[in-house]
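# Breakdown of the fold
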Amino acid sequence: MATELYLKHTESESPPREALTVNPAKTCQPIGAMYAALGVHKCLPHSHGSQGCCSYHRSTLTRHYKEPVMAATSSFTEGASVFGGQANLLQAFNTIFSLYDPQIIAVHTTCLSETIGDDIPQIIGKATAEGKIPAGRFVLHANTPSYIGSHVTGFASMTRAFVDYFAEKTGKGTGKLAVFPGWVEPADMAEIKRILEAMELPYTLLPDTSGVLDTPMTGRFEMYPEGGTKLDDIRLMGDAKAAIGLGHFCSGPAAKLLDTKCRVPCDILDLPIGLAAMDRFIDTLRRTGGVAVSERIVQERGRLLDMMADMHQYTYGKTVALAGDPDQLCSLSEFLKDLDMKVKYVVTGTPGKAFESRLSELIGEPGDGDWRGAPGDLFSLHQKMKQDPVDLLVANTYGKYIARDEDVPFVRFGFPILDRVGHADFPTVGYRGAMRILEKILTVLMDRQDRDSPNESFELVM
Ligand code: SF4
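We now turn to the structure provided with this report. Because the structure is predicted, anything quoted here is derived from the model rather than measured. (Residues numbered from 1 in each chain as written. Predicted model: local features only at pLDDT ≥ 70, side-chain atom pairs only at ≥ 80, totals over all residues. Heavy atoms only, no water.)

## Quick notes on the overall build of the protein chain
- Across its full length, the protein chain holds 19 helices and 13 strands.
- In summary, the protein chain has a C-alpha radius of gyration of 23 Å against a globular reference of 23 Å for 462 residues, a match within 12%.
- Along the first, second and third principal axes, the C-alpha set of the protein chain runs to 80 × 55 × 45 Å.
- Taking all 462 residues of the protein chain together, the buried fraction comes to 55%.
- Long-range contacts, defined here as pairs at least 24 residues apart, represent 74% of the contacts in the protein chain between residues at least 6 apart.
- Summing over all exposed atoms, the protein chain offers an accessible surface of approximately 19700 Å²; the carbon and sulfur share of this is 53%. (Helix = DSSP H or I, 4+ residues; strand = E, 2+ residues; numbered from the N terminus. Rg over C-alpha atoms; globule rule 2.2 N^0.38 Å. Buried < 20%, exposed > 50% of the residue type's maximum accessible area, 1.4 Å probe, protein only. Contact = heavy atoms within 4.5 Å. Areas by Shrake-Rupley, 256 points an atom, 1.4 Å probe, with all protein chains shown as cover.)

Below is the structure:
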């Protein structure tokens, strides 16, 4: 009932606003940092703040991935809030290493510890000097104040931190590719690995949440599942032949740091979602790895093209509203354009000039009546859709309220998806992933056509 009331109070017009965000299209930085840390083997994420923050981060990830997410917290109370969290963090290192035995603790900060001004490197240094970090065990950190940025920047910062703390150049080249997959699902990471293996390219993927957040039911609890990038492999990334960062926003900082720190030349590409972005990924693999494109990959591309051509009549000219994260939105928008759909509204909770310019490079400048959100929130998107409706909404779970209110076909895509399954298990990257996206879009569009057809034009074959 509360939702109904909320939706009915969304006016199509409202006074201009700049500083106020209503119903933001993002979550907080530490959630991304936690997700990145989970993609490293035997790494325990640690939230340096209050228990409430950690509970929120864990529960959001658990709801999305349908897996128990392990993480620790500094458990700030009033004392830590006033005097700083050093004592709590030092105690946490003792407790965590003795009780949970991780190889790595990945500390991310929170709004509160950032506001206090806790100096995490200094605390890690003190813990090291006092012998609180056992031999062969490690602590790293990323600053993730959530009053700036979003889960996207938190993910990027933690991925970069692994390179910063661990990647080393010894001069003994490994011949491997260092691949940063960006914030994609565990199934996407597995798909990227499958593609690299199909191209017969040796690689290290960082992070890698496949085998961590998509584990099978075995009846046994594993604190640290089999998956995740191994620490030794992260170290060796400094000796990689080349690096590929997938997603400018999630992977760019780590790939650039590996380049400047260890002189590993990097290409930063769009996420390989959709035909053209995947083509660019494959072409980069071909050039960088000096290999021919696998016949299996060529066939997958052909199947995608076939589906796009077969179903073109159902996608042609359809208008779309998108909400999500910049890396996903750039590639998805380009794919929708290739399907001859019209991307009318785009909103992200991680806005910026780099996003706007990349989107314009991929799909052109916004036309008359188009809107690329500022302020970037779901409330504004809802207002735009009231003023001039679209044929399709693609967004994370929170889009369901708008879809219901506007009675518009809806595809769940991005993070978080709290009320459905499948997103962590079936990839949307690669040519096969693009087929899945297209299938989901076609299903909701054709279901709508069936629903709205009068009896005399309700057809078996549409
Ligand atoms: S206080 Fe900050 S870090 Fe904690 S849950 Fe809220 S936004 Fe995230």
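Picking up where we left off.
## Notes on the state of the cysteines
- One pass over the full model with this rule turns up zero disulfides.
- We note that Cys54 lacks a disulfide partner, and the nearest cysteine sulfur, in Cys53, lies 8.5 Å from it. (Disulfide = S-S within 2.5 Å.)

## Re the nonpolar core
- The biggest cluster of nonpolar side chains holds 104 residues, and the ones touching the most others in it are Met158, Phe162, Leu258 and Leu285.
- Per-element accounting of this core gives the leading share, ten residues, to helix H19 (residues 430–452).
- With sequence-adjacent residues up to four places away left out, Met158 is seen in contact with Ala33, Ala36, Ala37, Ala106, Val107, His108, Leu140 and Ala142.
- Membership of the second largest hydrophobic core comes to 17 residues, among which are Ile96, Ile123, Ile133 and Val139. (Core = buried A, V, L, I, M, F, W, Y, C linked by side-chain atoms within 4.5 Å.)

## Details of unusual backbone geometry
- Of note, the amide linkage connecting Leu206 to Pro207 takes the cis form, showing an omega dihedral of -10°.
- Counting through the fold element by element, Pro207 comes out in the loop between strand E6 (203–205) and helix H10 (231–236).
- Positive phi outside glycine occurs at Asp101, with the angle close to 50°.
- Tracing the backbone shows Asp101 in the loop between helix H5 (86–99) and strand E3 (104–109).

## What about helix H8 (residues 151–166)?
- Here H8 is 16 residues long and its end C-alpha atoms lie 23 Å apart, about the 22 Å a rise of 1.5 Å per residue gives.
- Listed as buried for H8 are His151, Val152, Gly154, Phe155, Ala156, Met158, Thr159, Ala161, Phe162, Val163 and Phe166. (Expected span 1.5 Å × (residues − 1).)

## With respect to the packing of aromatic side chains
- The final tally for this structure, using the stated rule, is eleven aromatic pairs.
- When the ring of Tyr35 is compared with that of Phe155, the centres are 6.0 Å apart and the planes differ by 35°; the resulting orientation is tilted. Taken as a pair, Tyr35 in helix H2 (residues 29–38) and Phe155 in helix H8 lie far apart in primary sequence, 120 residues in all. Note on accessibility: Tyr35 and Phe155 belong to one class, buried.
- Chaining the aromatic ring pairs together yields one cluster made of Tyr35, Tyr65, Phe155, Trp183 and Phe415. (Phe/Tyr/Trp six-rings, centres within 6.5 Å; stacked < 30°, edge-to-face > 60°.)

## Here we look at the site of the ligand
- Around the ligand lies a shell formed by Cys28, Pro30, Cys53, Tyr56, His57, Thr110, Cys111 and Ser146.
- Considering only residue class, the shell around the ligand consists of five nonpolar, three polar and no charged. (Near = heavy atom within 4 Å. Nonpolar A, V, L, I, M, F, W, Y, C, P; charged D, E, K, R; others polar.)

## Brief notes about the pattern of salt bridges
- Taken as a whole and judged by the stated rule, the model has 29 salt bridges.
- With a shortest N-O distance of 2.8 Å, Lys132 and Glu130 are connected by a salt bridge.
- With a relative accessible area of 39%, Glu130 lands in the partly exposed category.
- As a salt-bridge pair, Arg301 and Asp279 come within 2.7 Å of each other at their nearest N and O atoms. Here Asp279 lies in helix H12 (residues 275–289) and Arg301 lies in helix H13 (residues 295–310), a separation of 22 residues in the sequence.
- What makes Arg301 partly exposed here is its relative accessible area of 27%. (Salt bridge = Lys/Arg side-chain N within 4 Å of Asp/Glu carboxyl O.)

## Re the sheet that holds strand E9 (residues 319–324)
- Taken in spatial order, the five strands line up as E11-E10-E9-E12-E13 in an open sheet, and their pairing is parallel. At either end of the open sheet lies a strand with only one pairing partner, and these are strand E11 (371–372) and strand E13 (410–412).
- As paired elements, strand E10 (residues 342–348) and E11 share two bridges and run parallel to each other. Across the sheet, Tyr345 pairs through a bridge with Trp371, a residue of E11.
- Its contacts with the sheet place helix H16 (residues 353–363) against E10 and E11, and it is angled at close to 165° to E10. (Pairing = 2+ DSSP bridges. Axes fitted to C-alpha atoms, helices over the stretch in contact; angles between N-to-C directions.)

## Considering the pairing of strand E1 (residues 43–48)
- With six of its six residues buried, E1 lies for the most part within the structure.
- Burial of E1 is two-sided: the residues Cys43, Pro45 and Ser47 facing one way and the residues Leu44, His46 and His48 facing the other way are all buried.
- Across six bridges, E1 lies against E3 in parallel orientation. Paired with Cys43 across the strands is Ile104, a residue of E3.

## Quick word on the sheet that holds E3
- An order of E2-E1-E3-E4 is seen for the four strands of this open sheet, with the pairing classed as parallel. Each of the sheet's edge strands pairs with one partner strand only, and the pair in question is strand E2 (72–73) and strand E4 (138–142).
- Sheet contacts for H2: E1 and E3; angle to E3, the most-contacted strand, approximately 170°.

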